[in-house]
Amino acid sequence: MSRREEAMKLFKAGYNCCQAVVGAFSDDIEIDFTTAMLISSSFGGGMGRMREVCGTVSGMLMVLGLKFGYSNPKAFAEKTEHYKRVQECAGKFKEKNGSIICRELLGLDLKRGEADSHIPSARSKEYYKKRPCVDLVGDAAEILEKFYIK
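The following refers to the structure shown.

## Concerning the overall build of the protein chain
No. 1: Each helix and strand counted, the protein chain has nine helices and zero strands in total.
No. 2: For the protein chain, the α and β elements follow one another from N to C terminus as α-α-α-α-α-α-α-α-α.
No. 3: The C-alpha radius of gyration of the protein chain comes to 15 Å, within 12% of the 15 Å expected for a compact globule of 150 residues.
No. 4: Each of the three principal axes of the protein chain carries a C-alpha extent, and together these read 45 × 35 × 25 Å.
No. 5: Burial analysis of the protein chain (150 residues in total) assigns 43% to the buried set.
No. 6: Sequence-distant contacts in the protein chain: of pairs separated by 6 or more residues, those separated by 24 or more amount to 67%.
No. 7: For the protein chain, the accessible area works out to roughly 8,500 Å², and carbon and sulfur atoms hold 53% of it.

What follows is the structure, encoded as structure tokens:
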């Protein structure tokens with residue numbers, strides 16, 4: 001199963017968008033699945049359903065950080081290279097989907113009162129018909145797998 005398929009499967013099982021992406025790579029980033037789910041649990045729905053940066057993008061960046069990140073605050077070259085990779089990865093997602101912002105990807109107009117509450121949406125057939133999230137999860141995992149995780 002490809003990482004794309006694995007991420008989509010996790011999302012369809014009920015994990016949020018960020019969890020699905022991080023979970024699909026948990027073995028590669030050498031983090032146990034439960035910890036991966038806990039670390040990424042706050043970022044679904046564009047950061048706790050605030051509809052900011054898409055959780056799939058947050059998940060991609062978490063994976064990049066755990067795989068290629070730096071821990072020495074004085075490691076300027078490593079930091080520079082890491083930020084370059086982050087921007088490239090987010091850029092590929094934006095190029096494919098038009099945005100990295102959850103509300104824009106979902107077509108929500110928060111100025112007209114279409115903000116979602118903190119209560120997660122029920123995962124029904126209707127949910128999957130109107131939300132592009134499962135495909136966005138797949139796109140994020142595919143970008144990581146194709147361009148960054150070898």
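## A look at the environment of Val53
No. 1: Assignment of secondary structure puts Val53 in the loop between helix H4 (44–47) and helix H5 (55–68).
No. 2: Residue Val53 is classed as partly exposed on the basis of its relative accessible area, which comes to 24%.
No. 3: It is 9.1 Å that separates the C-alpha atoms of Val53 and Ser99, two residues lying 46 residues apart in sequence.
No. 4: Aside from chain neighbours lying at most four places away, what touches Val53 is Gly46, Met47, Ser58, Ile100, Ile101 and Cys102.

## Examining the pattern of salt bridges
No. 1: Under the criterion given, the structure shown has six salt bridges.
No. 2: Glu142 is the partner of Arg4 in a salt bridge, and the nearest nitrogen-oxygen pair spans 3.3 Å. Placement of Arg4 in helix H1 (residues 3–12) and of Glu142 in helix H9 (residues 133–148) is noted, with a sequence separation of 138 residues between them.
No. 3: Take Glu142: its relative accessible area is 34%, and that puts it in the partly exposed class.
No. 4: With a closest N to O distance of 3.2 Å, Asp28 and Lys67 form a salt bridge. Within this pair, whereas Asp28 is found in the loop between helix H2 (17–24) and helix H3 (33–40), its partner Lys67 is found in helix H5, the two being separated by 39 residues in sequence.

## Observations concerning the packing of aromatic side chains
The geometry of an aromatic ring pair is captured by two quantities: the separation of the ring centres and the angle between the planes.
No. 1: Under the defined criterion, the tally for this structure stands at six aromatic pairs.
No. 2: A ring pair is formed by Tyr70 and Tyr83, whose centres lie 6.4 Å apart and whose planes are at 75°; its orientation type is edge-to-face. You can see Tyr70 sitting in the loop between H5 and helix H6 (76–97) and its partner Tyr83 sitting in helix H6, a full 13 residues away along the chain.
No. 3: The exposure class assigned to Tyr70 is partly exposed, which follows from its relative accessible area of 28%.

Conventions we followed
- Residues numbered from 1 in each chain as written.
- Predicted model: local features only at pLDDT ≥ 70, side-chain atom pairs only at ≥ 80, totals over all residues.
- Heavy atoms only, no water.
- Helix = DSSP H or I, 4+ residues; strand = E, 2+ residues; numbered from the N terminus.
- Rg over C-alpha atoms; globule rule 2.2 N^0.38 Å.
- Buried < 20%, exposed > 50% of the residue type's maximum accessible area, 1.4 Å probe, protein only.
- Contact = heavy atoms within 4.5 Å.
- Areas by Shrake-Rupley, 256 points an atom, 1.4 Å probe, with all protein chains shown as cover.
- Salt bridge = Lys/Arg side-chain N within 4 Å of Asp/Glu carboxyl O.
- Phe/Tyr/Trp six-rings, centres within 6.5 Å; stacked < 30°, edge-to-face > 60°.

Purely geometric numbers; function is a separate question.
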